[in-house]
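# Coordinates in review
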Amino acid sequence: MKFKKINQSQCHCITLRRASNAITEYYDAALQEVGLTTSQYSLLKNLGRLEMASTSELAEQVNLDRSTLVRNLKPLLERGLIVDLAKENARNHQFQVSETGMALLEDANPRWQKAQDGIKAYLDKENVEMLMEMLYRLQELNTE
């Protein structure tokens, strides 16, 4: 892992955003060889778990608004990594990971796991568990 000097902030929001950007760059670099971003990998992985999902179902699963999700699905559709099984001009889409997408996920999974292991090694297991607990709790801010 490479280290760089950071500008520290007292603002929780700014610090979390900076950390989010740093970890996204880390995972994006790990997935670069297979041509996926972290966001694309997440969408493929979640859609694969669901097997098939409408826009609304997938948006709820990945906690994105529908318009952001549709924008993020477009490159996956264009690359043939997912397919829309809905009839042409149908309002309700039904997305599924294609065979090509499943094969790419198989290539991406060990790279993602290596990034996961790298974070765990960098922070140590106990700190990762504590971090995840805090992050889950912070996600609840918008649901209270």
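Structural notes, computed from the coordinates. Values in this document were obtained by computation on a predicted structure and should not be read as measured data.

### Quick look at the packing of helix α1 (residues 12–31) against helix α5 (residues 99–123)
At a closest axis distance of 8 Å, the pairing of α1 and α5 adopts a crossing angle of 145 degrees. Both α1 and α5 take part in a crossing whose hand is right-handed. Taken together, the residues of α5 that come into contact with α1 (itself represented by Ile 23, Tyr 26, Tyr 27, Ala 30 and Leu 31) are Ala 108, Arg 111, Trp 112, Lys 114, Ala 115, Gln 116, Gly 118 and Ile 119. Partitioning the contact of α1 with α5 into residue classes produces nine nonpolar, two polar and two charged.

### Looking at helix α4 (residues 66–78)
Under the 1.5 Å per step criterion, the end-to-end length of α4 is 18 Å for 13 residues, consistent within 8% with the ideal 18 Å. On its buried face, α4 sits against α2 (38–50), α3 (55–62), β1 (82–84) and β2 (95–97). Following α4 by one or two positions, Gly 80 adopts a phi angle in the positive range, close to 75 degrees.

### Section: the side chain of Ser 54
For Ser 54, the location among the structural elements is in the loop between α2 and α3. Accessibility expressed as a relative area gives 13% for Ser 54, which makes it buried. The contacts of Ser 54, once residues within four sequence positions are left out, are His 93 and Gln 94.

### Concerning the pattern of salt bridges
One pass over the structure, following the stated rule, counts two salt bridges. With a shortest N-O distance of 3.0 Å, Arg 111 and Glu 33 are connected by a salt bridge. With Arg 111 in helix α5 and Glu 33 in the loop between α1 and α2, the pair connects residues that are 78 residues apart, well separated along the chain. A residue is classified by how much of its surface remains accessible, and Glu 33, at 69% relative accessible area, is exposed. Residues Lys 125 and Glu 129 are paired through a salt bridge, measuring 3.8 Å at the closest nitrogen-oxygen approach.

Calculation rules
Residues numbered from 1 in each chain as written. Predicted model: local features only at pLDDT ≥ 70, side-chain atom pairs only at ≥ 80, totals over all residues. Heavy atoms only, no water. Axes fitted to C-alpha atoms, helices over the stretch in contact; angles between N-to-C directions. Helix = DSSP H or I, 4+ residues; strand = E, 2+ residues; numbered from the N terminus. Left-handed = near helix turned anticlockwise from the far one by under 90°. Contact = heavy atoms within 4.5 Å. Nonpolar A, V, L, I, M, F, W, Y, C, P; charged D, E, K, R; others polar. Expected span 1.5 Å × (residues − 1). Buried < 20%, exposed > 50% of the residue type's maximum accessible area, 1.4 Å probe, protein only. Salt bridge = Lys/Arg side-chain N within 4 Å of Asp/Glu carboxyl O.

Any functional reading would require information beyond the geometric quantities listed.
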